[in-house]
Amino acid sequence: MTNFKTNIEFAYSLDNLDELRSFKKEFFTPKGKDGKSCIYLNGNSLGLQPRKTREIIDQELQDWARLGVRGHFESSTPWTDYHQLLTKKMAKIVGAKPIETVIMNTLTANLHFLMISFYNPTKKRNKILIESDAFPSDRYAVESQIRLHGFDPKKCIIEWSPKTGEKLLKMDHLEDILEKKGDEIELLLIGGVNYYTGQYLNLKKIADLGHSKGCKIGIDLAHGAGNIKPELHKSGVDFAAWCTYKYLNSGPGNLGGVFVHERHAYDKSLKRLTGWWGQEKSNRFKMREPLHIIPGAEGWQVSNPPIISMAAIKASLDLFDMAGMDALRKKSVFLTDYLEFLILNLDNENIEIISPKKSDQRGCQLSILIKNSDKYLHKKLLKNNIITDWRDPGVIRCAPVPMYNSFEDIYNFSVILKTILSKN
Ligand SMILES: *Cc1c(COP(=O)(O)O)cnc(C)c1O
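Below, the discussion takes up the site of the ligand. For the ligand, the full set of nearby residues is L107, T108, F135, D138, D220, A222, H223, Y245 and K246. At 3.1 Å, a side-chain N or O of H223 approaches an oxygen atom of the ligand. Within the side chain of Y245, a nitrogen or oxygen atom sits 2.5 Å from an oxygen atom of the ligand. Contact with the protein chains covers 82% of the free accessible surface of the ligand, which is 390 Å². Partitioning the shell around the ligand into residue classes produces four nonpolar, two polar and three charged.

Right, here's the structure in full:
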């Protein structure tokens, strides 16, 4: 660990050296009941609003008012191609090629669309492997897909769980499962960064292990996109899906991103659910042509995209493009290490950080277990204008987001946490 110091001057000096510090003012910071700015450490649930978002949405509203339907072709950013404006920037963030990337639908809906293509169970090979602590929506989606094919989720879900008494997943355990049951498993659907512990798994390793047993690999990147650098293309996973409202700051419930590896780009034999937006662009408006699917991820689109929502995504991706994932990840590691240092320095025996200790195995999230605490602690933090996320039993999830959190934020959080805990 770097030689961090415990005084506030040190936090100031880190902020002064931070090349990304000017991005903080590109975002609105929520205010507490007393009107003062909050310390926002909840970008893993909902990212903050970029100041530019309103202006970029407004542009589309004006074009719609001015042009009506002609906006599809004549607005300053023509709506028929609007999603393509976003593809390159989105692809860069997750380490994909443009042909592998599209923004469409919402996350869980996309998991369904992709499982239609990549979960084709047979009598012998019909199981899906998930993490034991998968996000509920992913588990429900998997259960319903299994039922859709006439199988029983109780028999067809295999869980990859931490060893007894442990909280993190181990790769050798996955290896064991695949060794024993690999040829019964059709699909591995795994969170690239676990929502609860912040554990960042080695996607390439998972893909290599799974593929060697003939399984397909899907990754839920809800907590990874805009956080870590997943290098999706190089990892070799078959598909991935993520939302854009967490680290990607596109606004509540906004559309999701999809990755389908290039090796599937021209495969017409894949089953899929189709709609007119997956049709070759030259034929899309001819209306009576048979369907010729667009190669690559765009071929999974069904509907014409909601432009107002897309505009909010554009506002955010522009900022990511300016900052760059290399610089963001670098600061992220530093900021999270600093938070870890300050929390450990509180020297409180009731505190246990359950996230991985190594920075290459975690994103910008520390899940801090506070023993003998309850949700009252979270409320006290909130009263002190600190926005974190609470998960039973006793876990505060903190996300020091490199885009808009400063070292001073982290310092102040640690001081307030210390004060609150000392009064308990
Ligand atoms: C946030 C999150 C979701 C939410 O899915 P929506 O369809 O966007 O509501 C699903 N899965 C994971 C792993 C998440 O972190």
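Another aspect to go through is a nonpolar patch on the surface. Taken together, the side chains of F73, W276, F285 and M287 define a hydrophobic patch exposed on the protein surface, amounting to about 460 Å² of accessible area. With respect to the helices and strands, the residue W276 is situated in the loop between β8 (256-260) and α11 (307-323). Judged by relative accessible area, W276 falls into the partly exposed class, the value being 36%.

Residues three or four positions apart in an α-helix share a direction because the helix packs 3.6 residues into each turn. An ideal rise of 1.5 Å per residue puts 21 Å on 15 residues; helix α2 (residues 53-67) measures up with 21 Å between its terminal C-alpha atoms. Buried residues of α2: T53, I56, I57, E60, D63 and L67, and no others. For α2, the angular spread of buried residues about the axis comes to 115°, placing them on one side. Opposite its buried face, α2 presents the exposed residues R54, E55, A65 and R66, each directed more than 90 degrees away. On its buried face, α2 is in contact with α3 (71-74), α4 (82-94) and α11. Within two residues after α2, G68 carries a phi angle of roughly 55°, on the positive side.

Turning to the pattern of salt bridges, a few remarks are in order. Working definition: two side chains of opposite charge can pair if their charged atoms are close together. Taken as a whole and assessed by the stated rule, the structure comprises 22 salt bridges. With a closest N to O distance of 2.7 Å, K89 and D318 form a salt bridge. Of this pair, K89 sits in helix α4 while D318 is found in helix α11, placing the two residues 229 residues apart along the sequence. Among the charged side chains, a salt-bridge network with shared partners connects K89, K314 and D318.

On to the side chain of D238, then. Secondary-structure assignment places D238 in the loop between α10 (232-235) and β7 (239-243). At 2.8 Å, the side chain of D238 and the side chain of H211 are in polar contact. For D238, the contacting residues outside a window of four places in its chain are F118, H211, C215, K216, I217, F259, V260, H261, R263 and H264.

Per the domain assignment, the segments of the protein are domain 1 (8-44 + 324-423) and domain 2 (58-321). One C-alpha centre belongs to domain 1, the other to domain 2; they are set 29 Å apart. With 32 residues of domain 1 at the interface, the matching set in domain 2 holds 20 residues. Summed over both sides, the interface of domain 1 with domain 2 buries roughly 2,200 Å², with 59% coming from carbon and sulfur. On the domain 1 side of the interface with domain 2, the three residues burying the most area are N44, M325 and I354, jointly 25% of the side's total. The interface formed by domain 1 and domain 2 contains two salt bridges. For E352, the salt bridge goes to K167, with nearest N and O atoms at 3.9 Å.

With that out of the way, let us pick up the packing of aromatic side chains. Two aromatic rings, taken as a pair, are described by how far apart their centres are and by the angle between their planes. Enumeration according to the criterion identifies 14 aromatic pairs in this entry. Consider the rings of F4 and F334, whose centres lie 5.5 Å apart with planes at 40°: the pair is tilted. In this pair, F4 sits in the segment before α1 (8-17) while F334 sits in helix α12 (residues 325-345), placing the two residues 330 residues apart along the sequence. The buried category is assigned to F4, whose relative accessible area is 8%. Of the residues examined, F334 reaches a relative accessible area of 30% and is grouped as partly exposed. Summarising the aromatic geometry, the rings of Y338 and F407 are spaced 5.7 Å apart at their centres and angled 55° between planes, so their arrangement reads as tilted. Note that Y338 is positioned in helix α12 and F407 in helix α14 (residues 407-423), a separation of 69 residues in sequence.

Looking now at the sheet that holds strand β10 (residues 366-370). Taken in spatial order, the four strands line up as β9-β10-β13-β12 in an open sheet, and their pairing is antiparallel. Strand pairing shows two members of the sheet lacking a second neighbour, β9 (351-353) and β12 (389-391), which therefore form its edges. Neighbour to neighbour, the strand axes of the sheet diverge by 30° on average, direction disregarded. Sheet topology note: the β9/β10 ladder contains three bridges and is antiparallel. By the bridge assignment for β10, I351 is matched with I370. Strand contacts of α14: β9, β10 and β13 (395-398), with the helix running at about 10° to β10, the strand carrying the most contacts.

The topology assignment puts T53 in helix α2. Each residue touching T53, except ones within four places of it in the same chain, is listed here: A312 and A315.

Below, the discussion takes up the pairing of strand β3 (residues 127-131). Regular strands show a simple pattern: their side chains alternate between the two faces of the sheet. Where burial is concerned, most of β3 is hidden: five out of the five residues are buried. By the bridge criterion, three bridges tie β3 to strand β5 (residues 185-191) in an arrangement that is parallel. Paired with K127 across the bridge in β5 is I185. Pairing analysis gives four bridges linking β3 to strand β4 (residues 157-160), with the strands arranged parallel. When the bridges of β4 are listed, I128 appears paired with I157.

If you trace the backbone, P252 turns up in the loop between β7 and β8. Taking the relative accessible area as the measure of exposure, P252 reaches 69% and is therefore exposed. Expressed as a C-alpha distance, the spacing of P252 and K380, which sit 128 residues apart in the sequence, is 25 Å. Apart from the residues lying within four places of it in its own chain, the contact partners of P252 are L46 and Y245.

Calculation notes
Residues numbered from 1 in each chain as written. Predicted model: local features only at pLDDT ≥ 70, side-chain atom pairs only at ≥ 80, totals over all residues. Heavy atoms only, no water. Near = heavy atom within 4 Å. Polar contact = N/O pair within 3.5 Å; in protein donor to acceptor, adjacent residues only side chain to side chain. Areas by Shrake-Rupley, 256 points an atom, 1.4 Å probe, with all protein chains shown as cover. Nonpolar A, V, L, I, M, F, W, Y, C, P; charged D, E, K, R; others polar. Patch = residues over 30% accessible without salt bridge, like charges linked within 9 Å, V, L, I, M, F, W, Y side chains within 5 Å. Salt bridge = Lys/Arg side-chain N within 4 Å of Asp/Glu carboxyl O. Helix = DSSP H or I, 4+ residues; strand = E, 2+ residues; numbered from the N terminus. Buried < 20%, exposed > 50% of the residue type's maximum accessible area, 1.4 Å probe, protein only. Expected span 1.5 Å × (residues − 1). Arc of directions from axis to C-beta. Contact = heavy atoms within 4.5 Å. Domains from an automatic or database assignment. Buried area = accessible area lost by both parts, 1.4 Å probe. Phe/Tyr/Trp six-rings, centres within 6.5 Å; stacked < 30°, edge-to-face > 60°. Pairing = 2+ DSSP bridges. Axes fitted to C-alpha atoms, helices over the stretch in contact; angles between N-to-C directions.

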